[in-house]
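Commentary on secondary and tertiary structure
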Amino acid sequence: MAPTSIAEFWTAVDSYCLRVTGSVTSGRRTPARNRFVGGSARSAHLEGLGADVVPDSEMPTDDRHAIATELGLRLIAEGDHDHLQPAGWSPAPTQET
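All values derive from a computational prediction rather than experimental measurement. (Residues numbered from 1 in each chain as written. Predicted model: local features only at pLDDT ≥ 70, side-chain atom pairs only at ≥ 80, totals over all residues. Heavy atoms only, no water.)

1. With respect to the packing of aromatic side chains
This is how the line gets drawn: In this analysis, rings of Phe, Tyr and Trp, with Trp reduced to its six-membered ring, are considered paired at centre separations within 6.5 Å, and the interplanar angle assigns stacked below 30 degrees, edge-to-face beyond 60, and tilted for intermediate values. To sort residues, take the accessible area from a 1.4 Å probe on protein chains only and compare it with the maximum for the residue type: under 20% means buried, over 50% means exposed, and anything in between is partly exposed.
Summed over all chains, the structure comprises one aromatic pair. Taking 5.1 Å as the distance between ring centres and 80 degrees as the angle between the ring planes, the aromatic pair formed by F9 and W10 counts as edge-to-face. When its relative accessible area of 0% is taken as the criterion, F9 is described as buried.

Structure follows, in structure tokens:
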């Protein structure tokens, strides 16, 4: 089951890090930091629901996906890091003004 709160999300991320022996390199971001690093304008990082993790050792991507899925996380393997967010998460709709 996907995490339903920020606290549950970070508990799942911590479990992921322990299982893949990895470290979080990015979590909640301000809009300015998100722009600076080239993040999406609707990034999960802006809501505290995105984490970038760098594994300390090689583990097959399929194994990391299986661990993330078991923890209720969506893994996006970005080459030099794993982006995690709650499975099924989507950004809140933008308001038209």
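2. Some words on the sheet that holds strand β2 (residues 51–55)
As a general point, the strands of a sheet are linked pairwise by backbone hydrogen bonds and lie either parallel or antiparallel. Quick reminder of the rule: Pairing between two strands is assigned when DSSP locates at least 2 bridges connecting them. A helix here means a DSSP run of H or I that spans at least four residues, while a strand means a run of E at least two residues long, and both kinds are numbered starting from the N terminus. Axis definition: a line fitted to C-alpha atoms, over the contacting stretch in the case of helices. Angles run 0 to 180 degrees between N-to-C directions. Any two residues whose heavy atoms approach within 4.5 Å are treated as being in contact.
Pairing is antiparallel across the open sheet formed by four strands, whose spatial order is β1-β2-β4-β3. On the outer flanks of this sheet lie β1 (22–26) and β3 (73–77), each paired with one strand and no other. Taken over all neighbouring pairs, the strand axes of this sheet differ in orientation by 35 degrees on average, direction set aside. With four bridges joining them, β1 and β2 adopt antiparallel strand pairing. If you follow V24 over to β2, its bridge partner there is V53. Taken strand by strand, helix α1 (residues 6–20) contacts β1, β2, β3 and β4 (82–86), and its axis lies near 10 degrees from that of β2. Of the strands in this sheet, β2, β3 and β4 touch helix α3 (residues 61–70), which is tilted by about 155 degrees from β3.

3. A short note on the environment of A12
Position of A12 among the secondary structure elements: in helix α1. The exposure class of A12 is buried, given its relative accessible area of 7%. Ignoring anything within four residues of it in the chain, the contact list for A12 reads P3, L71 and L73.

4. Comments concerning the pattern of salt bridges
Operational definition: We define a salt bridge as a contact between a side-chain nitrogen of Lys or Arg and a carboxyl oxygen of Asp or Glu at a distance within 4 Å.
Under the counting rule described, the total for this entry stands at three salt bridges. Residue R19 pairs with E70 through a salt bridge whose shortest N-O separation is 2.9 Å. Taken as a pair, R19 in helix α1 and E70 in helix α3 lie far apart in primary sequence, 51 residues in all. Residue D52 pairs with R29 through a salt bridge whose shortest N-O separation is 3.0 Å. Separated by 23 residues along the polypeptide, D52 in strand β2 and R29 in the loop between β1 and α2 (31–36) bring together distant segments of the chain. By relative accessible area, which is 6% here, D52 ends up buried. Take R29: its relative accessible area is 12%, and that puts it in the buried class.

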